Amino acid sequence: MRIVVIGGSGHIGTYLIPRLIRAGHDVVNISRQGATGYRDDEEWQHVHQMRVDRAEEDRAGTFARTVVSQRPDAVVDLICFTEESASALLDGVRGHTGHLVHCGSIWREGVSRKLPIREDDAGAAEAPLDDYGIQKRRIAALMKAETAAGGVATTTLHPGHIVGPGWEPIGPLGNRDPAVWYALSAGRTIRIPGIGTEMLHHVHADDVAQAFELAVARRDAAAGEDFSIVAPSALSVRGFLHHAAAWFGLDARIESVDWDGFRASTTPEAAETSWRHLSRSHVFSIDKARMRLGYTPRYEPEHAIREAVEWLVARGELGVARPLVR
């Protein structure tokens, strides 16, 4: 199968493109820099690279033609963030490809009301909280409507907080402030907003890649559907802190404060990011992905996050007070 991957040089593509090559597919990676992801997998030698600035071509109205020029049997879109961009691509590939697989986000859902959140339970969460989530929800609805109307076979996958070697994870306070890792490794007391039962649902990038590979391979099962793609379990703030402290051979020391107290202990940017994550308190079901796609995630969240932390520490990109224990 000839597969065009849009934005395949990032977190998901780092693992997805080598998977597709190993499965015997002919793969084209459309990206702005023509890079090969965060790993030096030999499969990248067999990838057709196209350097394209999607934003520029979207403005010019030529991007869909660029995609279609590669005669794809399937298109995997990892970097679509607006309904307008999604609609333009749909219009352009209609009749020219057999399957369009879009990367959504769990942030299509707002504050949780019922856990775990399931794809078809409209009352499980409130409306999305920001424009990113609003756009991802609208794109997912656009995709489903396209297939229901007899157009392009589409699928939307909604990853959780993607983690793995190559970038900083969303940490136990719901932000990417690296100070928490040094504090944990030094045995310092960590201030948390509230009582620490808010949830974070991570997923390893390779598990997300697995889901995309499965969606492409099982088009009939995936067509017209959307799927939450997360780890088999989620971590509470307290649970995350206790796991992370144990990586350094320590017990977590935790102090509960109100949100005003928490904001006073960190930067405005970190506090806002924490609020955006923790106020949602997301936990998602993967039952649908398991049953329809055969999705079998390899990583529990604490294992995926630790892998990312180890990678950063080994490269001197994350300061810690003591080494991680085995």
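1. Regarding the overall build of the protein chain
When its secondary structure is counted, the protein chain shows 13 helices and 13 strands. Whereas a compact globule of 326 residues would reach a radius of gyration of roughly 20 Å, the protein chain reaches 20 Å, a difference of no more than 12%. When its C-alpha atoms are laid out on the principal axes, the protein chain stretches across 60 × 45 × 40 Å. Considering only contacts within the protein chain whose residues lie at least 6 apart along the sequence, 75% involve residues at least 24 apart. Positive and negative charge centroids in the protein chain, built from 37 and 43 side chains respectively, lie 1 Å apart.

2. Examining the side chain of Ser 85
Note on placement: Ser 85 falls in helix α4 (residues 83-93). Relative accessible area serves as the criterion here: at 9%, Ser 85 is assigned to the buried category. Reaching out from Ser 85, the side chain makes a polar contact with the side chain of Arg 54 at a distance of 3.2 Å. Polar contacts involving the side chain of Ser 85 include one to the side chain of Asp 58, which spans 2.8 Å. Among all residues touching Ser 85, those that are not within four sequence positions of it are Arg 54, Asp 58 and Cys 80.

3. Things to note about the packing of aromatic side chains
If you walk through the whole model with that rule in mind, you get six aromatic pairs. When the ring of Phe 81 is compared with that of Tyr 132, the centres are 6.4 Å apart and the planes differ by 35°; the resulting orientation is tilted. Placement of the pair is Phe 81 in the loop between β4 (74-77) and α4 and Tyr 132 in helix α5 (residues 131-148), with a sequence separation of 51 residues. For Phe 81, a relative accessible area of 42% translates into the label partly exposed. Seen in terms of ring centroids, Trp 181 and Trp 247 are 6.1 Å apart; in terms of plane orientation they differ by 5°. Their pairing is stacked.

4. So, the side chain of Glu 43
Mapped onto the elements of the fold, Glu 43 is located in the loop between β2 (26-31) and β3 (48-51). Separated by 3.3 Å, the side chains of Glu 43 and Arg 22 make a polar contact. Beyond its immediate sequence surroundings of up to four residues, Glu 43 is in contact with Pro 18, Ile 21 and Arg 22.

5. Digging into the packing of α4 against α5
As a packed pair, α4 and α5 sit with axes 9 Å apart at the nearest point and diverge in direction by 25°. Judged by the angle between their axes, α4 and α5 are roughly parallel. Of the two possible hands of crossing, α4 and α5 adopt the one that is right-handed. In contact with Glu 83, Ala 86, Ser 87 and Leu 90 of α4, α5 contributes Gln 135, Arg 138, Ile 139, Leu 142, Met 143 and Glu 146.

6. Considerations on the environment of Ala 321
Tracing the chain through its elements places Ala 321 in the segment after α13 (301-314). Note on Ala 321: relative accessible area 37%, which makes it partly exposed. Taking the C-alpha atoms as reference points, Ala 321 and Ser 185, 136 residues apart in sequence, are found 5.3 Å from one another. For Ala 321, the contacting residues outside a window of four places in its chain are Tyr 182, Ser 185 and Ala 186.

Parameters at a glance
Residues numbered from 1 in each chain as written. Predicted model: local features only at pLDDT ≥ 70, side-chain atom pairs only at ≥ 80, totals over all residues. Heavy atoms only, no water. Helix = DSSP H or I, 4+ residues; strand = E, 2+ residues; numbered from the N terminus. Rg over C-alpha atoms; globule rule 2.2 N^0.38 Å. Contact = heavy atoms within 4.5 Å. Lys, Arg positive; Asp, Glu negative; His and termini not counted. Charge placed at Lys NZ, Arg CZ, Asp CG, Glu CD. Buried < 20%, exposed > 50% of the residue type's maximum accessible area, 1.4 Å probe, protein only. Polar contact = N/O pair within 3.5 Å; in protein donor to acceptor, adjacent residues only side chain to side chain. Phe/Tyr/Trp six-rings, centres within 6.5 Å; stacked < 30°, edge-to-face > 60°. Axes fitted to C-alpha atoms, helices over the stretch in contact; angles between N-to-C directions. Parallel < 35°, antiparallel > 145°, perpendicular 65-115°, else oblique. Left-handed = near helix turned anticlockwise from the far one by under 90°.

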